[in-house]
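# Examination of the molecular architecture
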Amino acid sequence: MPRMTEPEWRAFIMGGTRTGKIATVRADGRPHVVPIWFVLAGDEIIFTTGTDRAKAEHLRRDSRVALCVDDQAPLYSFVTIEGTVRMEDNPPDMLRWSTLIGARYMGAERADEFGKRNAVPGELLVRMTITRVIAERDVAGYD
């Protein structure tokens, strides 16, 4: 399968409104995978979650995480990112990040609405530091 270059995978994961599927580890070792809205900022993936959500509980115990972003149209492509996270409760830049994420997924006209909705007590800002990337394109086209 053809590998993506770094500029290609960075553009791919930020293309349109592709969600990420994030995998965390439950206390008993089982995987937990859920979709997230996110943005890429340098070498970090930024997203939010509620303090009472399962993924927040898992990440408080084990900061290791994997994220997959895929294209569900032929010829199919995907990027899997591994890393570690740090979570921030009520950081000063929460509204900024929540608004950027809202703009990506809901459009500029609703960005402020979604930013304000998610920049509230009980929400955490999660910063995932990228440690490994696997990025392949045109998976079905491989001979």
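Residues numbered from 1 in each chain as written. Predicted model: local features only at pLDDT ≥ 70, side-chain atom pairs only at ≥ 80, totals over all residues. Heavy atoms only, no water.

### Here's the deal with unusual backbone geometry
What counts here: Each helix is a run of H or I in the DSSP string that is no shorter than four residues. Each strand is a run of E no shorter than two, and both are numbered from the N terminus. Each residue gets one of three labels from its accessible area relative to the maximum for its type: buried under 20%, exposed over 50%, partly exposed in between, using a 1.4 Å probe on protein chains only.
Here the bond from Pro74 into Leu75 is cis, since omega is 15 degrees, no more than 30 degrees from zero. Secondary-structure assignment places Leu75 in the loop between β5 (64–71) and β6 (77–89). One non-glycine residue with positive phi stands out, namely Asn90, at about 60 degrees. Here Asn90 lies in the loop between β6 and α3 (94–106). For Asn90, a relative accessible area of 61% corresponds to the exposed category. In this structure, Asp138 is a non-glycine residue whose phi angle is positive, near 50 degrees.

### Brief notes about the side chain of Thr48
The criterion, for reference: Throughout, a contact is declared for two residues whenever any of their heavy atoms are within 4.5 Å.
As for its position among the elements, Thr48 is in strand β4 (residues 44–50). For Thr48, a relative accessible area of 18% gives the class buried. Discounting residues that sit within four places of it in the chain, Thr48 has contacts with Lys55, Met94, Ser98, Ile101, Glu123, Leu124 and Leu125.

### Points about the environment of Val34
In this fold, Val34 is placed in strand β2 (residues 31–36). On a C-alpha basis, the gap between Val34 and Leu67 in space is 9.6 Å, while along the polypeptide they are 33 residues apart. The residues touching Val34, leaving out its near neighbours within four places in the chain, are Gly20, Lys21, Ile22 and Lys55.

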